[in-house]
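# Coordinate inspection notes
These are the residues of each chain, in order.
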Amino acid sequence: MTTYPNVKINLGLSILRKRPDGFHDLETLFVPFFGIRDRLEIVPAAGAERSIRIIGGNWDPQSDLCWKAYKLLQTDFDLPPVDILLEKKAPVGAGLGSGSADAAFTLKMLSEMFSLGLDNEALAGYAARLGSDCAFFVYNEPMWGEGRGERLSPYAADFLDSYEIVVEFPQGVSVSTREAYSAVLPRERMEQPPMPLRDALALPVEQWRDSLVNDFERSVFPLHPEIPALKQSLYDRGAVYASMSGSGSAVFGLFEK
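Residues numbered from 1 in each chain as written. Predicted model: local features only at pLDDT ≥ 70, side-chain atom pairs only at ≥ 80, totals over all residues. Heavy atoms only, no water.

Topologically, aspartate 102 is positioned in helix H2 (residues 98-113). Among residues more than four places away in sequence, those in contact with aspartate 102 are Pro5, Asp38, Leu40, Cys66, Leu86 and Lys88. (Helix = DSSP H or I, 4+ residues; strand = E, 2+ residues; numbered from the N terminus. Contact = heavy atoms within 4.5 Å.)

Moving on, we come to the side chain of arginine 19. Along the chain, arginine 19 turns up in the loop between strand E2 (6-18) and strand E3 (24-37). The exposure class assigned to arginine 19 is buried, which follows from its relative accessible area of 19%. Polar side-chain contacts of arginine 19 include one of 2.7 Å to the side chain of aspartate 21. For arginine 19, the contacting residues outside a window of four places in its chain are His24, Asp25, Gly147 and Arg148. (Buried < 20%, exposed > 50% of the residue type's maximum accessible area, 1.4 Å probe, protein only. Polar contact = N/O pair within 3.5 Å; in protein donor to acceptor, adjacent residues only side chain to side chain.)

Another point: the packing of H2 against helix H3 (residues 120-128). Working note: a packed helix pair is described by the angle between its axes plus the distance between those axes. In contact at an axis separation of 10 Å, H2 and H3 are set at 135° when each is read in the N-to-C sense. When the axis of H2 is compared with that of H3, the two are oblique. The chirality of how H2 crosses H3 is right-handed. Touching Leu107, Lys108 and Ser111 of H2 are Leu123, Tyr126 and Ala127, all from H3. Tallied by class, residues from the contact of H2 with H3 come to four nonpolar, one polar and one charged. (Axes fitted to C-alpha atoms, helices over the stretch in contact; angles between N-to-C directions. Parallel < 35°, antiparallel > 145°, perpendicular 65-115°, else oblique. Left-handed = near helix turned anticlockwise from the far one by under 90°. Nonpolar A, V, L, I, M, F, W, Y, C, P; charged D, E, K, R; others polar.)

The set of residues buried in helix H8 (residues 226-236) consists of Ile227, Leu230, Lys231, Leu234 and Tyr235. Angularly, the buried residues of H8 cover 150° about the axis, an arc narrow enough to put them on a single face. For H8, the elements touching its buried residues are strand E9 (163-168), helix H7 (216-220), strand E10 (241-244) and strand E11 (251-256). Once H8 finishes, glycine 238 follows within two positions and takes phi at roughly 105°, a positive value. (Arc of directions from axis to C-beta.)

Moving on to the nonpolar core. Soluble globular proteins tend to bury their nonpolar side chains together. By size, the foremost hydrophobic cluster in this structure holds 47 residues, and its most contacted members are Leu11, Val167, Leu201 and Leu254. Elements with a minimum of two residues in this core: E2, E3, E9, helix H6 (197-201), H7, H8, E10 and E11. In this structure, leucine 201 is in contact with Leu11, Leu29, Trp144, Tyr155, Trp208 and Leu212, ignoring residues within four places of it in sequence. Core analysis: the next-biggest nonpolar cluster, separate from the first, contains 35 residues, Ile84, Leu116, Ala124 and Phe136 among them. (Core = buried A, V, L, I, M, F, W, Y, C linked by side-chain atoms within 4.5 Å.)

What follows covers unusual backbone geometry. Most peptide bonds adopt trans geometry, and most residues besides glycine take a negative phi value. For the bond running from glycine 248 to serine 249, omega is 20°, close enough to zero to count as cis. In this structure, serine 249 sits in the loop between E10 and E11. Backbone geometry at serine 115 places phi at a positive 50°, although glycine is not the residue there. Here serine 115 shows up in the loop between H2 and H3. The exposed category is assigned to serine 115, whose relative accessible area is 64%.

Cys66, Trp67, Ala69, Tyr70, Leu72 and Leu73 are the residues of helix H1 (residues 65-74) that are buried. Structurally, H1 contributes buried residues whose contacts are with strand E4 (39-44), strand E5 (51-55), strand E6 (82-87), H2 and H3. Regarding H1, its N-cap is aspartate 64, as a side-chain oxygen of that residue lies 2.8 Å from the backbone nitrogen of cysteine 66 further along.

Taken together, three strands build an open sheet; the order of strands is E9-E11-E10 and the sheet is antiparallel. Each end of this open sheet is capped by a strand with a single partner; those strands are E9 and E10. Here the average twist between neighbouring strands, direction ignored, is 20°. Strands E9, E10 and E11 of the sheet are contacted by H8, whose axis makes an angle of about 5° with E11. (Pairing = 2+ DSSP bridges.)

Next up, the structure:
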């Protein structure tokens, strides 16, 4: 079986507070973007050995989220050995969630291949154990995210029908989640926090530029000036709204169709 995991963008991202467990509570609107996709193939193994091979990645396959997704289901189901081939097309460290997408698609594929009978709610439960935004890719439609990003609810984003989404990223620039969080200032500590995210999203898209904020831009932009330069470039080319996605380094622009 072969699928093509897509990526996501964040329309606004509010870091509300740091939690006692070390994570942060956030709010964001996840939106799928289908213009960048990996290639994921899973087939039953010819022998008794399981394997994973990654093309276009430079990390230990045994630490990949696809492999972890297989091992997670293996704890509850008697899965047969499989061979996993992941061909990376999406950039790593770009705030697009490609690793999370690969993991979620792995869970869905395994459930279908081996008739595990897992519905989206059950799959999202497994996905949330792998990463904060993994569960979003189980649904793969606009979703309001809370908590660490794993608490999801549907969101009507009909306004996007009028816009083309363009995603770009500066070559050679990668931002780790740890780096982005290291200097972020939660809104509970801001003297004048930005407009609440739901209120900003309710405004016309033409008013988002000064209202709809990704809080990570405050901490990431000073470290990587190529990212704000790329964001400005999108505005210079006519974007109605532009922002960094997630913790960066990718940025996206909304252009009128």
